[in-house]
Amino acid sequence: MAGKNKSGVPSMCRKLEDLSVDEFMLSGFDSGEEDDCEDEESTQQKGKMKKPAPQKMSVKKQGKASVHKDQLSALKSKDPEFYEFLQENDQKLLNFDDSDSLEDEEEDEEERMYHKLPSQQEEADDDDNDEGESGKKDVKKPKEATKVTEAMIENWRTGLRKEPTAKLIRDITQAFKAAVATTKGDSEELCRYTISDSAVFNSLILFCIKDMHAALNKMLKLKAPEKGQKKLILPSSSPRWQKNQIDIKMYIAGVVQLLSSLTQSTVIAAVLRHANQMVPYYLCLPKQCRHFLKSLIKHWSTGEETVRVLAFLALNKICRNKQEIYLNSVLKQLYIAYVKNCKFTSPNTLPMINFMQRTLAEMYSLDTQVSYQHAFIYIRQLAIHLRNAINLKKKETYQSVYNWQYVHCLYLWCRVLSTIYPSEVLEPLIYPLCQVIIGCIKLVPISRYYPLRLHCVRAIILLSANTKTYVPALPFLLEILQQEDFNKKPGRMSIKPINFAVILKLSKTNLQEKAYKDGLVEQLYDLILEYFHTQSCSIGFPELALPSIVQLKAFLKECKVANYCKQMRQLLEKIQENCSYITGRRQKAAFGVADVTAVAAWEKRVAEEGTPLTKYYSQWKKLREKEIQLEISGKERTEDLNLPEIKRQKAEVKKADKEFKGLFESDSDDDDLFKSKEDKGDSDGDDEGLEDLSDLSDDDEEDIDDLEEDDSDGDQRKPSSSKGKAPKKMLNTELMEVAEGDEDMVEDLELSDQD
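Along each chain, the written sequence defines residue order, and numbers are assigned to residues from 1. Given that the model is predicted, a residue must reach a pLDDT of at least 70 before its local features are reported, and side-chain atom pairs must reach 80 or more before they are shown or counted; all residues, however, enter totals for whole chains, interfaces and linings. With hydrogens and water set aside, each side-chain value is computed from the structure's full complement of heavy atoms.

Student: I'd like a rundown of the overall build of the chain, residues and numbers included.
Tutor: Secondary structure is summarised from DSSP: a helix means a run of H or I of at least four residues, a strand means a run of E of at least two, and numbering begins at the N terminus for each. Summing up its helical and strand segments, the chain has 37 helices and 2 strands in all. For the chain, restricting intrachain contacts to residue pairs at least 6 apart in sequence, the fraction spanning at least 24 positions comes to 73%. Exposure was quantified through the Shrake-Rupley algorithm and a 1.4 Å probe, taking into account, for residues, occlusion by the shown protein chains and nothing else. When the accessible surface of the chain is totalled, it reaches about 43200 Å², and 51% of it is carbon and sulfur. Only heavy atoms matter for contacts: two residues are in contact if any of them lie within 4.5 Å across the pair.

Student: Can you tell me about the packing of helix α25 (residues 474–483) against helix α27 (residues 514–534), naming the residues and giving the values?
Tutor: Where helices are involved, their axes are fitted lines through C-alpha atoms of the stretch in contact, as for all axes, and angles between N-to-C directions lie from 0 to 180°. Following both chains from N to C, one finds α25 and α27 inclined at 150°, their axes separated by 10 Å at the closest point. The orientation of α25 with respect to α27, classified from their angle, is roughly antiparallel. Of the two possible hands of crossing, α25 and α27 adopt the one that is left-handed. Residues L474, L477, L478, I480 and L481 of α25 form the contact with α27, whose own contacting residues are L520, L524, L527, I528, Y531 and F532. Nonpolar residues are Ala, Val, Leu, Ile, Met, Phe, Trp, Tyr, Cys and Pro. Charged residues are Asp, Glu, Lys and Arg, and all others, Gly as well, are polar. Residues belonging to the contact of α25 with α27 are distributed by class as follows: 11 nonpolar, no polar and no charged. The labels follow the angle: roughly parallel below 35 degrees, roughly antiparallel above 145, roughly perpendicular from 65 to 115, and oblique for the rest. Each crossing gets its hand from how the near helix is turned against the far one by less than a right angle, where anticlockwise is left-handed and clockwise is right-handed.

Student: So, the packing of aromatic side chains: which residues are in play, and what are the values?
Tutor: Whether two aromatic rings pair depends on their centres lying within 6.5 Å, for rings of Phe, Tyr and Trp, where Trp uses its six-membered ring; planes under 30 degrees apart make the pair stacked, over 60 edge-to-face, and the rest tilted. In the structure shown here, the tally under the stated rule is 14 aromatic pairs. Taking 4.0 Å as the distance between ring centres and 20° as the angle between the ring planes, the aromatic pair formed by Y335 and Y378 counts as stacked. Taken together, the positions of Y335 in helix α18 (residues 323–340) and Y378 in helix α20 (residues 368–392) put the pair 43 residues apart, joining distant regions of the chain. Each ring, one from F486 and one from Y564, has its centre 5.8 Å from the other, and the planes form 70°; the classification is edge-to-face. Placement of the pair is F486 in the loop between α25 and α26 (508–511) and Y564 in helix α29 (residues 562–587), with a sequence separation of 78 residues. Accessibility assignment for this pair places F486 and Y564 in one class, buried. The rings of Y335, Y364, Y378 and W413 are connected pair by pair, giving a single aromatic cluster. Exposure is judged per residue with a 1.4 Å probe applied to protein chains only, and the accessible area is read against the type maximum: over 50% gives exposed, under 20% gives buried, and values in between give partly exposed.

Student: Any details on the layout of surface pockets? Residues and values, ideally.
Tutor: With a 1 Å grid spanning the protein atoms alone, the term cavity applies to any set of points in which a 1.4 Å probe fits but cannot get out, the term pocket to an open set with protein on both sides within 12 Å along at least five of seven lines, and the term lining residue to any residue with an atom within 4 Å of a point. Grid points are joined across faces, edges and corners, and a volume is the space filled by probe spheres set on the points. As a volume, the second largest pocket reaches approximately 950 Å³. Along its surface, the second largest pocket is lined by 33 residues, and N354, Y411, R458, K621 and I628 are the ones closest to its centre. Listing elements by their share of the lining of the second largest pocket, those giving two or more residues are α19 (350–364), α22 (404–420), α24 (450–467), α27 and α31 (612–633). The element that contributes the greatest number of residues to the lining of the second largest pocket is α31, accounting for 9 residues. Looking at the lining of the second largest pocket residue by residue, the class counts come to 15 nonpolar, 9 polar and 9 charged.

Student: So, the nonpolar core: which residues are in play, and what are the values?
Tutor: Among the buried residues, those of types Ala, Val, Leu, Ile, Met, Phe, Trp, Tyr and Cys that are joined through side-chain atoms within 4.5 Å form a nonpolar core. W156, F292, W300, W413 and I575 are the most contacted members of the largest nonpolar core, which totals 176 residues. Setting aside anything within four residues of it in sequence, one finds F292 in contact with V256, L259, A275, V279, Y282, A314 and I318.

Student: Explain a positive patch on the surface to me, and be specific about the residues and the numbers.
Tutor: A cluster of basic residues, K249, K287, R290 and K294, forms a positive patch on the protein surface. Take the positive patch: its biggest share by element is 3 residues, from helix α16 (residues 286–302). Its location among the elements puts K287 in helix α16. A residue counts toward a patch only above 30% relative accessible area and without a salt bridge, and it is joined to like-charged neighbours within 9 Å or, for Val, Leu, Ile, Met, Phe, Trp and Tyr, to nonpolar neighbours within 5 Å. For this analysis, a salt bridge means a side-chain nitrogen from Lys or Arg found within 4 Å of a carboxyl oxygen belonging to Asp or Glu. Only four residue types enter the charge count, namely Lys and Arg as positive and Asp and Glu as negative; His and the chain termini do not. Positions of charges follow a simple convention, taking NZ of Lys, CZ of Arg, CG of Asp or CD of Glu.

Student: Describe the packing of α20 against helix α23 (residues 430–443), naming the residues involved and giving the relevant values.
Tutor: The description of two helices packed together rests on the angle between their axes and the distance between the axes. Between α20 and α23, the least distance of the axes is 10 Å, while the angle of their chain directions is 30°. In terms of axis orientation, α20 runs roughly parallel to α23. Here the hand of the crossing between α20 and α23 comes out left-handed. Contacts between α20 and α23 involve I379, L382, A383, L386, A389 and I390 on the former and, on the latter, L433, V436, G439, C440 and L443. Residue classes in the contact of α20 with α23 are distributed as 10 nonpolar, 1 polar and no charged.

Student: An account of the pattern of salt bridges is requested, with residue identities and associated values reported.
Tutor: Any two side chains of opposite charge can pair if their charged atoms end up close together. Using the criterion set out here, one finds 12 salt bridges in the structure. Measuring nitrogen to oxygen at the nearest pair gives 2.7 Å for the salt bridge that ties E154 to R157. Of this pair, E154 and R157 both sit in helix α10 (residues 150–162), 3 residues apart, roughly one helical turn. Judged by its relative accessible area of 42%, E154 falls in the partly exposed class. Its salt-bridge partner being R157, residue D211 comes within 3.7 Å of it at the nearest N-O pair. Of this pair, D211 sits in helix α12 (residues 198–220) while R157 sits in helix α10, and the two are 54 residues apart along the sequence. The class for D211 is buried, based on a relative accessible area of 15%.

Student: Can you explain unusual backbone geometry? Please cite residues and give values.
Tutor: Y421 connects to P422 through a cis peptide bond whose omega is -5°. Note that P422 resides in the loop between α22 and α23. The phi angle at K393 is positive, at roughly 55°, despite the residue not being glycine. You can see K393 is positioned in the loop between α20 and α21 (395–401). Residue class for K393 comes out exposed when judged on its relative accessible area of 60%. Even without glycine at this site, K468 takes up a positive phi of about 55°.

Student: So what's going on with the confidence of the model for the chain? Which residues, and what values?
Tutor: Residue-level confidence of the predictor is what pLDDT reports, using numbers from 0 through 100. Chain-level pLDDT for the chain is 75 on average; 66% of the residues reach the 70-or-more range. Within the model, pLDDT remains below 50 along residues 1–62, and this stretch shows 53 contacts once partners closer than five positions in the same chain are excluded. Confidence drops under a pLDDT of 50 for residues 636–755, and excluding neighbours within four residues, the segment shows 115 contacts in the predicted structure.

Student: Break down α12 for me, with residues and values.
Tutor: Here α12 spans 32 Å end to end across 23 residues, near enough to the 33 Å set by a 1.5 Å rise per residue. A residue's bend is given by the angle between axes fitted to the 7 residues ending at it and the 7 residues starting at it. The axis of α12 is deflected most strongly, by about 45°, at D211. Polar contact is defined as a pair of N or O atoms within 3.5 Å, subject to the rule that within protein one atom must be able to donate a hydrogen and the other to accept it, and that residues adjacent in sequence are counted only when both atoms are side-chain atoms. A distance of 3.3 Å separates the backbone nitrogen of A199 from a side-chain oxygen at the start of α12, and that oxygen is part of D197. Of the residues trailing α12, K221 is marked for its positive phi of about 60°. Under the convention used throughout, the expected extent of a helix is 1.5 Å for every residue step, that is, one less than its residue count.

Student: Break down the environment of Y402 for me, citing the residues and quoting the values.
Tutor: Within the secondary structure, Y402 sits in the loop between α21 and α22. In this structure Y402 touches C440, I441, L443, V444, Y449 and L452, once residues within four positions along its chain are discounted. In terms of polar contacts, Y402 uses its side chain to reach the backbone carbonyl oxygen of C440, at 2.7 Å. In this structure the side chain of Y402 is engaged in a polar contact, spanning 3.0 Å, whose partner is the backbone nitrogen of V444.

Student: Tell me about the state of the cysteines, and name the residues and values.
Tutor: Here, two cysteine sulfur atoms that lie within 2.5 Å of each other are counted as a disulfide. Within the structure shown, the criterion is met by 0 disulfides. There is no disulfide at C289, and the cysteine sulfur nearest it, in C319, is 8.6 Å away. Note on C559: no disulfide assigned, nearest cysteine sulfur contributed by C565 at a separation of 3.7 Å. Assessed through its relative accessible area of 7%, C559 is described here as buried.

Right, dumping it as structure tokens:
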């Protein structure tokens, strides 16, 4: 074989060289020598062709087959050893068919058909259009779309209730596709049906929402889930699934498109209820399920109340049954949507933000391993923003922390850890989250950011109460009592209270108002009471409350405002009462402090029996919730009290003492109109301007404050009548369970005026 290889390879190389030269000469030039190169075989081959091709192309194609055959025949005499080798190993190479040249010729003809000159191409197109106009176009497009009528819908409804068939489902699906196309303005060329009447459109959509789910289950012969069965029965388990998969895919894709095009909340809610039933079908089709999830996240974050709830139920159902596929990506998208919708907070958006917090915490509770990864990353991101603000100490870095998105994210993770507790996986995140919240409080500890501090303390209380973790939050509240001068007379009088629930920062004008100090004392009262309520059953409550008792007594000695002293004195009494109760119970205990199990059992018994502070807190909470609802809704407190108006005559004003001379300056109609307009302007401008101040520079804020201070003179001259004071006082007396009669009300008014 070695000799054969040595003798065969060089001879073949020489032949291949000759062949390449021949091909080059035949195909490269049109010099007229082609006629001499033609042989008998080439002329015979030309005769076999239906249409005579150009002479150059025929020589090229037929010359290949004949030259190659001559080379193989000459190989027998020139290199007999290699020829024998080919006979033994490759008979096909020697005995090839001449029809290859015809196949090549046909291929060239096809190539020439696709590479004609433009004029020839246009003529060919015209001929093809004339010949195939009646055939091809009828195949691609239907002859005429069928118009859907009420009678057709009624027939479909009757057929579905009797026995749904694949053909019937296909017809309904095509009609539903045409209806969805009309909502987006798409062309209906590929639809078998057309819908031109709004009444028919409504009937068809309503028919599909009511009957399609039951009809599909009946057609696929799916069994109804048993009571208490959490796992869904997937339609892909049916033997009829493959046959009807295309129609079902078209239908559920149309439902998603319909959701994206609707605007009315009631209609969206109806379609979402139907989509919630179709969740098992979405789980069988991943592409349609991803589109459905995007639509659900959008409605969960931007829709109205009912729409949000239905979207959350569908999201929860999908993620519960396909956690390994969808949960990770869904949680990420939900968190991003939550952050986007928390940028601005107002009385109208606050309920929506609270709903998103609670539902997102519920989604994170589905899988603690996945939740830990998300919580670790996002809490670390919050910590990085805080570290940059502490190190750089620039306005931009401060604003990256002191904004609504940051505060709501802190509150969200507190709620997540509280909801999932106890969890060994997420418990290590409690400490770093508390450190971030405390660092946020200490970043800019000035009076203008007291509302932000109160929000952070409220998040700490939530986390501490539900995770049974002691977090020192009281020092941040008692510090306000020490720093703020409550005896200083206010520079501005404002009847409308400041809603601390929807602000993070106070302006200089707000700091001068009496409503600021009133609201601040109320917030401190609420948070201190709420914090002690979470620790009221602890065996160490007397030691925990001792510093607070000392500071509250010091505040009562220094403060000279009766309203503030009355609230803090009552709080102090409740704390001392609870301390006495816990001390008495501890004296009867027969175990030591080191016995952790006995201490836990003792605290559990105390919690079941209740303490004086817990009983008072339950009563206070009911009254406080009513007041919070009024604040969130943006209504004034005077609306639900229905206090009678006191009409005074001018003669009574003249006989009044000099002490009350400035209390009622005028009772004319013109002055009343002027004052009502002023009050209206102040009420409209206070809350709207507070949120925007967080995005302004210091110079801009000073300009705004100067403008507001220019108007402060007129506000100071406003009469502080009993009509404006009574509602505030009435609510305080309800909260503190004090009802001492009209005489006490008059005394309080006089004291507040002196202040």
